[in-house]
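Residue-level structure breakdown
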Amino acid sequence: MIVRKLILAGSMLAISGAAQAWVPGGNEIKPGYEFKKPGLTPIPGDISFDNNGRATPMAGPNPVFLGFEGISQYDGAALGRNFIPSDGIAAAGRTQIMQTTNGGIAVYDKATGVRTSLVSDNAFWQGLGQAGSSGDQRVMYNEMANRWIVIGFGANAKDIQIAVSQTSNALGPYKVTQFEGFNGGFFAPIADYPTLAIDRNAVYIGTNDFGAATPGGTRSFRGTTLNVIPLGDLFGAAPTAANRQAFVTPFVSGSPTNDFTRGFAIQGVNSRENSSTGNIMAVSINDFAVSRYDVLNAGTGADVRTAGVDVGSTYTFNSPGRQPAAIAANQRIIDTLDDRIGSSVYEYDGKLYGVHTITPVGQDETRVRYYVIDQATNAVLDEGEIGEAGYDYYQGSLAVNRLGQVVIGYNRSGLNPTDGRITLLARVFHTQADGTLVQKGSEHVLKVSLTDDYHNGSIFGQPAAGRQRWQDYSSVSLDPLDPHGFWVQGGFAREYNLPQFGHPNGTGGSRWGTYIAGLSVGGVPEPQTWAMFILGFGLIGASVRRRRPAVVVS
């Protein structure tokens, strides 16, 4: 079911004063915006695992042409990097799929789904001369340069490291650079939850900054940083962050001078548009809305942030997700995370597309809300929710291609014993001329969990112990060679680590898995969209002939 709210293109945005404020006076952040990294929990005692390349191609319903398992927690155990949550992301290159998780990095053959490489995150970064990894990795493929980019924490989580392939081969070779993401004079600083986006001008990496006031003290939220790195600096002969522009927005508890307009979990917008403006989306720190602003002259050294504003309808806090577990205490424990925009945001034809997990006001079930926003005016062209009574929908992600076709992937779960297990699904949409999205075809089931009682960190048949982290992000990426091609990556629950499930020396806990599916949505766009598409290619071609290339590839 999709509930939609349309705000006409000519209407103006809803500013923060119209949103549901959390703290009267507006000088505090919403509760729940925590330091995430302690949740990257090592699981000891996993002495049984498999590493048999479970990436077996599986047929799926149209338009799903290929589906295969990605990295699992069992793989992490085999690598000595057994963590929760998974935090998986996958991207498509010319002939390969590359996937990163907390603990592992894998490469798959794009035609068959066969895994051709699996290494630990530590091994990957140490092979590039770095000290190691603390997790939170992301990967993208830059089709303009035909190269891969991988980011994540350094061995010290205050640092952000960046690896750039020297060819289109995900197996390397790579060159690497690193910068200090956050310090601020605090103790044990962390540049948490690094995000990643690419346009024609720059690479954008946002961080949530945490640090302790005293040695051994508790890390608290200290603000955010948006790092803007010129594109040519990373995709030239040798990557460098020397010309990085860091926009730091400090937060001081109780201070009336805090700037809340920069948002939490800052997401740059992936764009092929021929513009010098970088677009930014996040969620508001102190109310329930999406934050929008731009970076003018992005990647030039004269970068300037515009003022931030709130857009979209209000919502409220997210509650844990449901599942049909036999133990009543485990039926509502899945951590659906907060309202942050955890996945990539895209621009197409002057429109910005994004999703996140929300709970409508007055309801108690999470939904995946999507937005289409006019880049120039911040008018909300379309706003809709994917959801259904009795189920929770969460961990959404999307991508949009040059035809205005959109794929949204997400998880769903509920109490219904027939179909309530955590399930990875996807829907296909087309963009109308007015910016509204129209769903094409039915909902596509990609992968159903192998258990109806996911509770990681405690054993089979017992009540859940501790916070039940699911995943902090998922991904949908575009296929650089197929104009209709999309690749969805998300999570599902694997079988319990027990002898009866094929693990002779298993310790009894449930384990996460990831799944990757290829979709070719095909079809011809709406007549208005097709006309804009043809016109757009003509304008882009003319502009490219006039404009100096943004990237020089050696």
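Small disclaimer: the values here were computed from a predicted structure and weren't measured.

1. Brief notes about the overall build of the protein
A count of helices and strands for the protein gives four helices and 36 strands. Buried residues in the protein amount to 61% of all 554 residues. Across the protein, contacts joining residues at least 24 apart in sequence account for 62% of those joining residues at least 6 apart.

2. Re the sheet that holds strand β9 (residues 138-142)
Taken in spatial order, the four strands line up as β9-β10-β11-β12 in an open sheet, and their pairing is antiparallel. Edge positions in the sheet fall to β9 and β12 (174-180), since each of these pairs with one other strand and no more. Averaged over neighbouring strand pairs, the angle between their axes works out to 20° when direction is ignored.

3. Describing the confidence of the model for the protein
Caution applies to low-pLDDT regions: their predicted coordinates should not be interpreted in detail. Confidence in the prediction for the protein averages 87 pLDDT; 85% of positions are at 70 or higher. Across residues 524-554, confidence stays below pLDDT 50; counting only partners more than four residues off in sequence or on other chains, it has 37 contacts.

4. Some words on the pairing of strand β18 (residues 264-270)
Along β18, seven of the seven residues are buried, which leaves the element largely enclosed by surrounding structure. Two strands pair when backbone bridges link them, and β18 and strand β19 (residues 278-283) are joined in this way by three bridges, in the antiparallel orientation. Opposite Q267, over in β19, you have M281 as the bridge partner. Of the strand pairs in this sheet, β18 and strand β25 (residues 345-348) are connected by two bridges, and their pairing is parallel. Looking at the pairing, N270 lines up with Y346 of β25.

5. Re the side chain of N401
Tracing the backbone shows N401 in the loop between β29 (391-400) and β30 (405-414). A residue is classified by how much of its surface remains accessible, and N401, at 4% relative accessible area, is buried. Within polar-contact distance, the side chain of N401 engages the backbone nitrogen of L403 at 2.9 Å. Ignoring any residue separated from it by four or fewer positions in sequence, one finds N401 in contact with Y348, L478, P483, H484 and F486.

6. Brief notes about the sheet that holds strand β35 (residues 485-493)
Strand order across the open sheet formed by four strands is β3-β36-β35-β34, with antiparallel pairing between neighbours. Each of the sheet's edge strands pairs with one partner strand only, and the pair in question is β3 (64-69) and β34 (475-478). Between one strand and the next, the sheet's axes are offset by a mean angle of 20°, whatever the strand orientation. Relative to strand β36 (residues 512-520), β35 is paired through nine bridges, and the arrangement is antiparallel. When the sheet's bridge partners are listed, Q489 is paired in β36 with I516.

7. Regarding the nonpolar core
Within the largest apolar cluster, 62 residues are counted, with the highest numbers of intra-cluster contacts made by M98 and I149. A total of five residues in this core trace back to one element, the largest contributor, which is strand β10 (residues 147-153). Setting aside its immediate chain neighbours within four residues, I149 contacts R138, V139, M140, I162, A163, V164, L196, I198, V203, L234 and F235. Counting 35 residues, the second-largest nonpolar core is a separate cluster that includes V64, A399, V400 and V476.

8. Topic: the pattern of salt bridges
Tallied over the full model, the rule gives 25 salt bridges. Between K351 and D349 there is a salt bridge whose closest N-O contact spans 3.0 Å. Relative accessible area serves as the criterion here: at 6%, K351 is assigned to the buried category. Owing to a relative accessible area of 32%, D349 belongs among the partly exposed residues under this scheme. Among the charged side chains, a salt-bridge network with shared partners connects R322, R332, D364 and D392.

9. Focus: the environment of R200
Tracing the backbone shows R200 in the loop between β14 (197-198) and β15 (202-212). A distance of 2.4 Å separates a polar atom in the side chain of R200 from the backbone oxygen of R272.

10. Topic: the packing of aromatic side chains
Applying the stated criterion across every chain, the model contains 20 aromatic pairs. Ring geometry for F221 versus F251: centroids 5.6 Å apart, planes at 40°, classification tilted. Within this pair, whereas F221 is found in strand β16 (residues 220-230), its partner F251 is found in the loop between β17 (245-250) and β18, the two being separated by 30 residues in sequence. Comparing F221 with F251 shows no difference in burial state: the two are buried. Of the aromatic side chains, those joined through ring pairs into one cluster are F210, F221, F251, F260 and F264. Its end group placed over the ring of F288, K30 keeps NZ or CZ at 4.6 Å from the ring centre. For R138, the ring lying beneath its charged end belongs to Y193, and the centroid distance is 5.3 Å.

11. Some thoughts on the side chain of K447
Position of K447 among the secondary structure elements: in strand β33 (residues 444-448). It turns out K447 is buried and unbridged, and the closest side chain with the opposite charge, E69, is 4.2 Å from it. Other than its neighbours up to four places away in sequence, K447 contacts E69, I422, T423, L424, F492 and Y515.

12. Topic: unusual backbone geometry
Each neighbour pair has its own omega, and for I84 with P85 the value is 0°, a cis peptide bond. Following G172, the chain continues into P173 via a peptide bond in cis, with omega recorded as 10°. As for its position among the elements, P173 is in the loop between β11 (159-165) and β12. Even without being a glycine, Y193 presents a positive backbone phi close to 55°. Tracing the backbone shows Y193 in the loop between β13 (187-192) and β14. Owing to a relative accessible area of 0%, Y193 belongs among the buried residues under this scheme. Of note in this structure, A265 is not a glycine but carries a positive phi near 55°. Checked against the element boundaries, A265 lands in strand β18. For A265, a relative accessible area of 1% corresponds to the buried category.

13. Some remarks on the environment of G67
Counting through the fold element by element, G67 comes out in strand β3. Taking the C-alpha atoms as reference, G67 lies 9.5 Å from W487; in sequence the two are 420 residues apart.

What counts and what doesn't
- Residues numbered from 1 in each chain as written.
- Predicted model: local features only at pLDDT ≥ 70, side-chain atom pairs only at ≥ 80, totals over all residues.
- Heavy atoms only, no water.
- Helix = DSSP H or I, 4+ residues; strand = E, 2+ residues; numbered from the N terminus.
- Buried < 20%, exposed > 50% of the residue type's maximum accessible area, 1.4 Å probe, protein only.
- Contact = heavy atoms within 4.5 Å.
- Pairing = 2+ DSSP bridges.
- Axes fitted to C-alpha atoms, helices over the stretch in contact; angles between N-to-C directions.
- pLDDT = per-residue confidence, 0-100.
- Polar contact = N/O pair within 3.5 Å; in protein donor to acceptor, adjacent residues only side chain to side chain.
- Core = buried A, V, L, I, M, F, W, Y, C linked by side-chain atoms within 4.5 Å.
- Salt bridge = Lys/Arg side-chain N within 4 Å of Asp/Glu carboxyl O.
- Phe/Tyr/Trp six-rings, centres within 6.5 Å; stacked < 30°, edge-to-face > 60°.
- Lys NZ or Arg CZ within 6 Å of the ring centre and 35° of its normal.
- Lys, Arg positive; Asp, Glu negative; His and termini not counted.

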